[in-house]
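An overview of the molecular structure
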Amino acid sequence: MTSLPPASDVKLGLVIDLDICVGCHACVVNCKEWNTAGYGAPLADSNPYGKNPSGSWLNRIHTFEAGHGAEAKVVHFPKSCLHCEDAPCVTVCPTGASYKRAEDGIVLVNEDHCIGCGLCAWACPYGAREMDPAEGVMKKCTLCVDRIYNTHLEEEDRIPACVRTCPTSARHFGDLGDPESEVSQLVAARGGFDLMPEQGTKPVNKYLPPRPRQSVTADEVDLVAMAKKTTPGGFWKWLDQSLDRLPG
Amino acid sequence: MRPAASLIIFTTLSGLGFGLASLIGFGLITATSPKWVMIHGVISLGLIGAGVISSTVHLGHPERAWRALSQWRSSWLSREGVLAALTVLVLAIYFADHLYHGVPRVWLGAVVGILSVLTVIATAMIYASLKTVARWHNALTPVVFVLLSLAGGVVAAAALSALEGMDGTVALTRLGLITVVLAMIIKTLWWLTAGASGSGSTPESATGLGSLGEVRLLMSPHSEENWLQHEMGFQIARKHSHRLAWISLILAAGVPILIMGLYPSSATLLVVAALVHLFGVMVERWLFFAEAKHTVTLFYGARH
Amino acid sequence: MPDDKNLNLSPKSADRIAKTTCYMCACRCGINVHIKGDEIRYIEGNRDHPVNNGVLCAKGSAGIMQHLSPARLNAPLKRVGKRGEGKFEKISWEEAMEMASSWLKPIRETDPRKLAFFTGRDQSQALTGWWAQQFGTPNFAAHGGFCSVNMAAAGIYTIGGAFWEFGSPDWQNTELFLLFGVAEDHDSNPIKIGLGKLKDRGIRTVSINPVQTGYSAVADDWIGITPGTDGLFILSLIHVLMKTGQIDLDYLIRYTNAPWLVIRRPGSADDGLFLRDENGQPQVLDHKTGKPISAETAGIRPQLKGEIALPNGGVAVPAFMLMAEDWLNDEHSPEASEAKTGIPAERVYALAGAIAEAAFKREVVIDQPWVDWKGEHHDKMIGRPVAMHAMRGISAHSNGFQTCRALHILQILIGSVETPGGFRFKPPYPKPAHIHPRPAGKPDQVKPSTPLPGAPLGYPMSPDDLLVDDQGQPVRIDKGYSWDAPLSAHGLMHMVISNAYAGDPYPVDVLFMYMANMAWNSSMNTRGVIDMLTETDPETGEYRIPKIIYSDAYSSEMVAYADLILPDTTYLERHDCISLLDRPICEPDCVADAIRWPVVEPDRDVRGFQSTLLDLGARLGLPGMVDADGKPLYRDYADYMTNHQRKPGIGPLAGFRGQSGKDKGRGDPNPDQIDAYIANGGFWSEELPENARYFKMANQHYQDFAVKMGFFDKPEPYCFQIYSEVLQKFQLAAQGHGKNQPPQHLRERIKACFTPLPQWYAPFEGDMVDSDTYPIHALTQRPMAMYHSWGSQNPWLRQIHGHNPLFIPSGLARSLQVQDGDWVWVSSHHGKIKVPVAVMEGVNPHTVWTWNAIGKRRGAWQLDPDAPEARKGFLLNHLIHELLPMRGDGLRWSNSDPITGQAAWFDLKVNITKADHEDDASAEPAFPILGTPPDLEKPASVLRYGDSIIARDKKENNQ
Ligand SMILES: Nc1nc2c(c(=O)[nH]1)N[C@H]1C(S)=C(S)[C@@H](COP(=O)(O)OP(=O)(O)OC[C@H]3O[C@@H](n4cnc5c(=O)[nH]c(N)nc54)[C@H](O)[C@@H]3O)O[C@H]1N2
Ligand SMILES: Nc1nc2c(c(=O)[nH]1)N[C@H]1C(S)=C(S)[C@@H](COP(=O)(O)OP(=O)(O)OC[C@H]3O[C@@H](n4cnc5c(=O)[nH]c(N)nc54)[C@H](O)[C@@H]3O)O[C@H]1N2
Ligand code: SF4
Ligand code: SF4
Ligand code: SF4
Ligand code: SF4
Ligand code: SF4
Ligand SMILES: [Mo]
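Residues numbered from 1 in each chain as written. Chains lettered and ligands numbered in written order. Predicted model: local features only at pLDDT ≥ 70, side-chain atom pairs only at ≥ 80, totals over all residues. Heavy atoms only, no water.

**Considering the side chain of Gln673(C)**
All names here are of chain C. When you line up the elements, Gln-673 lands in helix 20 (residues 673–679). Residue class for Gln-673 comes out buried when judged on its relative accessible area of 1%. In terms of polar contacts, Gln-673 uses its side chain to reach the backbone carbonyl oxygen of Leu-653, at 3.3 Å. For Gln-673, the residues in contact, after removing those within four places along its chain, are Met-641, Thr-642, Leu-653, Gly-655, Phe-656 and Arg-657. (Helix = DSSP H or I, 4+ residues; strand = E, 2+ residues; numbered from the N terminus. Buried < 20%, exposed > 50% of the residue type's maximum accessible area, 1.4 Å probe, protein only. Polar contact = N/O pair within 3.5 Å; in protein donor to acceptor, adjacent residues only side chain to side chain. Contact = heavy atoms within 4.5 Å.)

Okay, structure coming up:
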């Protein structure tokens, strides 16, 4: 049934570091290639070579700009399903196709039961669900449920495809239900936050904010002083003295 | 949101059908002969059926639609399905029973009436329960749906009554006048309140980047439109929405009020009133979808 | 819970995993190709691979779609229509090879120069260059000339190695990272991995870039410099650091030519040259005796200051004195440059302070004893942990060579090249210019039926090494190594077509190209180039460029303009060799090379180009490709990779050599070598000894290791060349000395640009066009998820970048009254284009930019003619001309760096006006729809990749 299961202790999810995501789309495409021949139906593309190409993807990168003028900052922003604790996409589903796993909190769609009504996508505030253009069923991030427990994969590869492929290590995977886990520690240390907390979805995935700019600015008085200090007696005198101090 | 024809047709036709059914059920109009029982049955069940069929058109897998009856404990869509199915069933029994016994069974009618209203409420709750669309997420939304359904039902009932040459036509027209006016007052109120409400979410809260300043989309994840943008990024110009709101008011309320006020027993004109009302509600429904802003659009350049 | 009963948590992702090398770009990461049945299920990064450590970028992850592109060519083609019509007839390989050899044979037997062989994004230059050499034509080059040759050359001439992917920041140890003009670079994944490491350690990154996206977006500090002014900015940093004594004198004395004595005898032919002894050894002033002595003498302490009188007049002073005189001058102060660079002086001081602080207050010490080339023992490796990296933001300007030299000198002054925390070379670099060969192809070296005595590309050390005739006129078709571009170490790819068209310096007969989309995004003046390719001589009716042979794997824009197409395979279907003789994949701590091998078999009548080239070579009887009986020596490229020896013991692949397969670097051919590579994951790598990892240019352990590996035949230690004697020799020639002197019209330019210490001069186009008419700089950037033109056929990648807006600064948008989605006209001295805009804050206020190579010609790449790439995508190339505006003397210079011939793509200046609103606007110029080769695969209207794999899985699971 599409009621949510009792809150599980294990809350698997992603932690995404906006401070280092360079917007390379590696996670986006690797996610697509892993999942198009894996979980459920292929992730189809319509007009792949045509006028308005579009397809289903489980992860997308937006690029935002915040602030104005010299202070403006460009931020690359990956977004996939946040595996919410209070997932409205699950409770609205009329068929039970959409469900949250009791054991680890992963939100999935059983594509064999999905009627493709699209309501769950309307219920998701984040745009984390997409209707497959060919199969007519709802697609969403599976947290690579077919990798993370996959005994055919090497232990170290039992992580989501997007995490494994991210060149900058901007994506972390783990149990956010365990305060001792690496991901929980990261969230605590870096002030990880929820997207749209006001929607009451209680996302499991967390975002780490871009760190404040450590601009090399004139405020750093020491550096400027260092760069402006004049060599006593002028350059050549300084040179002589320094050379004398050299060994040999 | 992109207005889907199937959903507009579904909510308007079935809304009208359930409105009519509830009037029949509550005994505000009672067929006077087996022929008219049949006609009432065909019209009310037909409207509901046409709506339901149309609603399955937008499904990716209509053949699995039966599964939608399973999740009534949490899902308004499922509840709507269950209730609609029940209503149709009971309504059919009601007519059959009426035909068979020659008189309607009052308690059965009451059940029909209640189920019909509940179904319309369930339909409305599908939208009203979505926090992602601020306009819909409003206590007035189900009231509007129910009132419009009832108003349509009364106008249709009045038309039927006039066609049938019953005595109560004028009383029904009066009731029609009242419900239409009430529906339109509430709808206008809805426009003024729900229509003006924001989701409380902003690009800043959506991205969590508010501390850096105003957040603007610089590059979309994909250069051409994707399904989310297609589905939820639909935008209608203010100018058009105003014009359409007026059109819907005039069609759904103005014209029927005029007709019902001036020619309370003209069968032809009452049929016209019912049809015009239906078109008006369709326009209203189109706007209901078209003006709805989904929080997803905050990730795609919308400001609020 | 309605858990999904069918949910399989442990599906098998592969029947077999084939490990090979990615070629969705030139980064060359290791990949694990998961294969099910005969279909590719998944491609992931190879965790063991030195380049990518397991990660994979967007392009690499979309490899399946590239491999299956409907634009793949499927058979050799002979042109039947007119050039550009795209009408072809399929022919057999035999016919194709016969045709090619019948065109080339007579050329070789009469005048080998009439073959111009230019290769683009090629990674087999060790083979193609050798082939050209054996053919005997000097007219060979690869893509470096339009890419970043000035940066490569500046690096080689200054420090013996370059940025590109030839060196790397010391990600583990650096304390401050400066990134100049990089959007993506060849080291695509390594840079990202490195940036991730820096973030992990909380190390400050500063990006100097007019545009704040990608790496600049995550940098802690962004300096939005005005394009083309980095040289000024860098020299002002140098000015401040020198003035305040924040330089590493010990390092300068030991590892650079700062102490070398320079002759000062103005007007004489040796003015500005190094004072040398009778053995040609440069001299320094010995601290103890105050006398000149060979710089190579062990145990001395050379002086940086002083002067000695020379017997026949004049004096000699340490180069350091010239450096100080020059850079301490107030014209290099931050205040003097701020108006041009747009960077307030205070920020320059602050950055200089940050550099000094990191370099000198946070020095990195590695407890690792080592011995230098003079035999001195050092018990530690001490580093100045400021790392820098740069790429085309500097090199795509006509002043890029000198700017890049200035940058290397900044690195040297603080002692951060090849020291812990600084910039590190990847073997086989460092390798300074003087131990590279000189270019072959002097007039007397080009003879019928005779190989050139050496490789066509090399590093000139003086005007004597130029490839010019008696009149000083160019002998190469691209005018490489002529006075136009004396140090053009990679040739001038972007000038080949226009010179061949103009018959200047002479006409060619066959233009043979490989993997370069010259009829579109890799040319300047695209329309002009198309015309040159199609124009006929009115007298003979023959095309101006009579015959064009081209090898591509896909239906690119260029295909339509060739006469004979030799279709290549995709990267998953062929053998390839990523060789130490070419652009290797080494990392600073390891030597590595790699292969590609056919992990799937081609299903079309196509052949790996290298095999084709060897076949052609054999048909032409080229020495080294045939045996004594004239029979082909190599069956195919795989055979060549295994058995070819450049010199005894040295072959294309350095790993698993010798009969036993245990030899490294040097060793006899091993018949099982390729299998050994495959078993090892497609690559071979060998760690450097711990004591050889830094100071490589002066490190005995490294030099010995390099000899052992076969990089050199004897140790080749050297000093960094802050003061460039090579440039001074060209300067002297321009001043009228020596037997080889520049033609009159180039003298002033050479005097201005060939300064032995780097100077900044204004980018040529910026200087020559009126900046009131064209006030705005226009740039391109590499999109991380797209590779030049060839990514657009990829249905996944093109959803990310299907068209490219022109990003314009918000101030400009306000004054033009345009918003996102509006259209503007952009004009330059050469042309006018119409494009959509997007407004941005994080960009230099005088700069607009767009993504490179997204715009496509209608009809190419098997895309719908109405594809967004053609309707809303555009190229800036239409605005860029290969020649600069006419000068007073009526001459037009090429739009290149005058030193190396590097194409100056980013010198472009434009004017922007708002376009009238149209509901369905299209980018202009629009070209007619290009015809496509026959019988290409029909593009699918819906793609469901994985369908059959899933179906197969289901069946298996049910059994
Ligand atoms: N994904 C992907 N990777 C690629 C390629 C690709 O097409 N796609 N191409 C490969 C090739 S061939 C090359 S040559 C490399 C090039 O790699 P990059 O050097 O990263 O090339 P560009 O994208 O041209 O980036 C130039 C950068 O310099 C900035 N810039 C422009 N003018 C100036 C200036 O005057 N000063 C400064 N400081 N910055 C400036 C631009 O804003 C831009 O960010 O990338 C290689 N890697
Ligand atoms: N405006 C502007 N223009 C630029 C630049 C810029 O920054 N701005 N950058 C310049 C630079 S740095 C470069 S390097 C050039 C790059 O320009 P090119 O080297 O021309 O690069 P591509 O467009 O990728 O073209 C390569 C060709 O190789 C073909 N190809 C792909 N794979 C294979 C294969 O396996 N075998 C064969 N035989 N062919 C294959 C492709 O189909 C394509 O036709 O562009 C230059 N043009
Ligand atoms: S792969 Fe990593 S760096 Fe690249 S877009 Fe995804 S999260 Fe960002
Ligand atoms: S992000 Fe959206 S799809 Fe994912 S669990 Fe939350 S509401 Fe559901
Ligand atoms: S689209 Fe599928 S998963 Fe989503 S609500 Fe409808 S039936 Fe459930
Ligand atoms: S966890 Fe898996 S399915 Fe989800 S975004 Fe990452 S790769 Fe895609
Ligand atoms: S950077 Fe990407 S495309 Fe280039 S070789 Fe590596 S994985 Fe392949
Ligand atoms: Mo390049």
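Moving on from the model shown.
**Some words on the interface of chain C and chain B**
Across the contact, 15 residues belong to chain C and 7 residues belong to chain B. Contact between chain C and chain B buries roughly 790 Å² in total, counting both sides, with carbon and sulfur atoms accounting for 59%. With a closest N to O distance of 3.3 Å, Glu224(B) and Lys872(C) form a salt bridge. Taken together, the connections running from chain C to chain B amount to 6 residue pairs in polar contact (both at pLDDT 80 or more). Elements that contribute at least two residues to the side of chain C that touches chain B include exactly helix 25 (797–800), strand 32 (832–840) and strand 33 (847–851) of chain C. For the side of chain C that touches chain B, the element with the highest residue contribution is helix 25 of chain C, accounting for 3 residues. (Buried area = accessible area lost by both parts, 1.4 Å probe. Salt bridge = Lys/Arg side-chain N within 4 Å of Asp/Glu carboxyl O.)

**Points about the domain arrangement of chain C**
Residues and elements named next belong to chain C. Entries for chain C in the domain assignment read domain 1 (1–56), domain 2 (77–151 + 434–567), domain 3 (723–756) and domain 4 (767–914). Just the C-alpha atoms count here: the centres of domain 3 and domain 4 sit 35 Å apart. Each side of the interface is counted separately: domain 3 has 6 residues, and domain 4 has 6 residues. Here domain 3 meets domain 4 over a buried area of about 580 Å², counting both sides, of which 73% is carbon and sulfur. Scanning the region where domain 3 abuts domain 4 turns up 0 residue pairs in polar contact (both at pLDDT 80 or more). (Domains from an automatic or database assignment.)

**Regarding the site of ligand 6**
Residue and element names in this part refer to chain A. Around ligand 6, the neighbouring residues are Cys-31, Asn-35, Leu-58, Asn-59, Ser-80, Cys-141, Thr-142, Leu-143, Cys-144, Pro-160, Ala-161 and Cys-162. Only helix 1 (26–36) and helix 5 (161–165) provide two or more residues apiece to the shell around ligand 6. Looking at the shell around ligand 6, its residues break down into 8 nonpolar, 4 polar and no charged. (Near = heavy atom within 4 Å. Nonpolar A, V, L, I, M, F, W, Y, C, P; charged D, E, K, R; others polar.)

**What about the sheet that holds strand 28 (residues 683–687) of chain C?**
Neighbouring strands of a sheet are bound in pairs by backbone hydrogen bonds; such pairs are parallel or else antiparallel. Residues and elements named next belong to chain C. Pairing is antiparallel in the open sheet, where 3 strands are placed in the order 26-27-28. Two strands close off the open sheet at either side, each with one partner strand: strand 26 (576–578) and strand 28. On average, adjacent strands in this sheet sit at an angle of 5° to one another, irrespective of strand direction. Direction of pairing for strand 26 relative to strand 27 (residues 590–596): antiparallel, over a ladder of 3 bridges. (Pairing = 2+ DSSP bridges. Axes fitted to C-alpha atoms, helices over the stretch in contact; angles between N-to-C directions.)

**Overview of a nonpolar patch on the surface**
All names here are of chain B. On the surface, Phe-26, Leu-28, Ile-114 and Leu-118 cluster together into a nonpolar patch covering about 360 Å² of accessible area. With respect to the helices and strands, Ile-114 occurs in helix 4 (residues 106–128). A residue is classified by how much of its surface remains accessible, and Ile-114, at 47% relative accessible area, is partly exposed. (Patch = residues over 30% accessible without salt bridge, like charges linked within 9 Å, V, L, I, M, F, W, Y side chains within 5 Å. Areas by Shrake-Rupley, 256 points an atom, 1.4 Å probe, with all protein chains shown as cover.)

**With respect to the pattern of salt bridges**
Pairs may arise between side chains of opposite charge once their charged atoms sit close together. Residue and element names in this part refer to chain C. Here the structure, examined in full by the defined rule, presents 87 salt bridges over all chains. As a salt-bridge pair, Arg-83 and Asp-563 come within 2.7 Å of each other at their nearest N and O atoms. Taken together, the positions of Arg-83 in the loop between strand 4 (77–79) and strand 5 (88–90) and Asp-563 in the loop between strand 24 (547–551) and strand 25 (564–565) put the pair 480 residues apart, joining distant regions of the chain. Comparing Arg-83 with Asp-563 shows no difference in burial state: the two are buried. The partner of Asp-220 in a salt bridge is Lys-199, with the nearest N and O atoms 4.0 Å apart. Here Asp-220, found in the loop between helix 8 (214–218) and strand 11 (221–223), pairs with Lys-199, found in helix 7 (residues 188–201); they are 21 residues apart in sequence, far enough to count as distant. Residue Asp-220 shares its accessibility class with Lys-199, and that shared class is buried.

**Description of the interface of chain A and chain C**
Counting from both sides, the interface comprises 94 residues of chain A and, opposite them, 104 residues of chain C. When the two sides are added together, the surface that chain A and chain C hide from each other amounts to roughly 8600 Å², 57% of it contributed by carbon and sulfur. Our count for the contact surface shared by chain A and chain C stands at 7 salt bridges. Note that Lys305(C) is salt-bridged to Asp240(A), the shortest N-O span being 2.8 Å. At the boundary of chain A and chain C, one finds 39 residue pairs in polar contact (both at pLDDT 80 or more). Of all elements in the fold, only helix 1, strand 2 (45–46), strand 3 (54–55), strand 5 (73–80), helix 4 (145–148), helix 5, helix 7 (221–228) and helix 8 (234–245) of chain A reach the threshold of two or more residues within the side of chain A that touches chain C. Residue composition of the side of chain A that touches chain C, by class: 43 nonpolar, 29 polar and 22 charged.

**What to know about unusual backbone geometry**
Residues other than glycine predominantly adopt negative phi, and peptide bonds predominantly adopt the trans conformation. The step from Pro427(C) to Pro428(C) runs through a cis peptide bond, and the omega angle for that step is 5°. Here Pro428(C) shows up in the loop between strand 22 (423–425) and helix 16 (496–502). One non-glycine residue, Ser169(A), lies in the positive phi region at around 60°. Residue classification places Ser169(A) among the partly exposed residues on the basis of a relative accessible area of 44%.

**A few points about the pairing of strand 23 (residues 510–514) of chain C**
Residues and elements named next belong to chain C. For strand 23, the tally of buried residues reaches 5 of 5 residues, placing the bulk of the element in the interior. As paired elements, strand 6 (residues 115–119) and strand 23 share 5 bridges and run parallel to each other. Residue pairing in the sheet places Ala-116 in a bridge with Leu-511 of strand 23. Inspection of the sheet shows strand 23 paired to strand 24 by 5 bridges, in the parallel sense. Considered in strand 24, the bridge of Phe-512 is made with Ile-549. Handedness of the crossover is the feature at issue here: the chain leaves strand 23, passes through helix 17 (residues 526–534), returns alongside strand 24, and the resulting connection is right-handed. (Right-handed = clockwise from strand over helix to strand, strands pointing away.)

**Brief notes about the side chain of Gln229(B)**
By secondary structure assignment, the location of Gln229(B) is in helix 8 (residues 227–232). Residues in contact with Gln229(B), not counting those within four places in the same chain, are Ser220(B), Glu224(B), Phe234(B) and Tyr300(B).

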